[in-house]
Amino acid sequence: MSRADDENDGQATERVVIRDRRKIDVKGEDTTVTNEAEESKESTGGAHRAPEEPEDEVTPAKPGLGAELEALRTELEERTRDLQRVTAEYANYRKRVDRDRSTAAEHTTGTVLTALLPVLDDVDRAREHGDLVGPFATVAESLGAVVGKLGLVAFGEKGDPFDPTRHEAVAHLTSADVTEPTCVEVMRRGYTLGERLLRPALVAVADPA
């Protein structure tokens, strides 16, 4: 017997098994395909089902967190008040320093100008007598310009109303030509530096008759 005959005999004697998974319900309908389709649908749907999004996790508040925030807020307010107080104190300090510096400078200038007042008196007497001529007149004008730039102001003229805070009366008389106490003669002019009185003017005063 040939090899081909043996193979044909083996195939002829091989048992053939047919599996029929179809089921017949009482109504005679074939439900196998339907069941398999539903199983396939469920399997497919389960495979492609979108993953459920996790719910937002709520972190529980730590015990004492509110008290800690309140303490920080209180400390911040205290530091803010401290900063405001220091800023105000520094501003006041700067103002006081500037005021003291200005006062000191004015005092120093006043001291120097007070020492020059006798020289200015000599210049006034020379002018009254007509001796203010030539180089001396030039020097006098330069001196007057310098003290004027420093803030020195002269006052005291004949006919000025008498002011006891600015004038020093060395003589009193009565006159029908005045209606109030008036300076009728100026012996020496007075000087001011800003609001400061360096020297009062020496005057003779006439009172109404």
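As a starting point, this report considers the structure included with it.

1. Notes on the pairing of strand β4 (residues 190-193)
So, point 1. Going residue by residue along β4, you find G190 and T192 tucked away on one face and Y191 and L193 tucked away on the opposite face as well.
So, point 2. In this sheet, β4 lies alongside strand β1 (residues 152-155) in antiparallel orientation, the contact comprising four bridges. Counterpart to F155 in the pairing with β4 is G190.
So, point 3. Pairing of β4 with strand β5 (residues 196-199), which is carried by three bridges, proceeds in the antiparallel orientation. Considered in β5, the bridge of L193 is made with R196.
So, point 4. In this structure, the hairpin formed by β4 and β5 is closed by a connection of two residues, where G194 is found at a positive phi of approximately 65 degrees.

2. Concerning helix α3 (residues 65-128)
Each turn of an α-helix holds 3.6 residues, which means side chains three or four residues apart point in the same direction.
So, point 1. For α3, which comprises 64 residues, the first-to-last C-alpha distance of 91 Å matches the rise-based estimate of 94 Å (1.5 Å per residue) to within 8%.
So, point 2. The sharpest bend along α3 measures roughly 35 degrees and falls at L117, with the proline P118 sitting one to four residues further on.
So, point 3. Buried within α3 are the following residues: G110, L113, L117, L120, D121, V123, D124 and A126.
So, point 4. Its buried side turned inward, α3 meets α4 (134-149), β1, β3 (182-188), β4 and β5.
So, point 5. Positioned one or two residues after α3, G130 has a phi angle of 80 degrees, which is positive.

What counts, and where the lines are drawn
Residues numbered from 1 in each chain as written. Predicted model: local features only at pLDDT ≥ 70, side-chain atom pairs only at ≥ 80, totals over all residues. Heavy atoms only, no water. Buried < 20%, exposed > 50% of the residue type's maximum accessible area, 1.4 Å probe, protein only. Helix = DSSP H or I, 4+ residues; strand = E, 2+ residues; numbered from the N terminus. Pairing = 2+ DSSP bridges. Expected span 1.5 Å × (residues − 1). Bend = angle between axes of the 7 residues up to and from the residue. Contact = heavy atoms within 4.5 Å.

Purely geometric stuff here, so don't read any function into it on its own.
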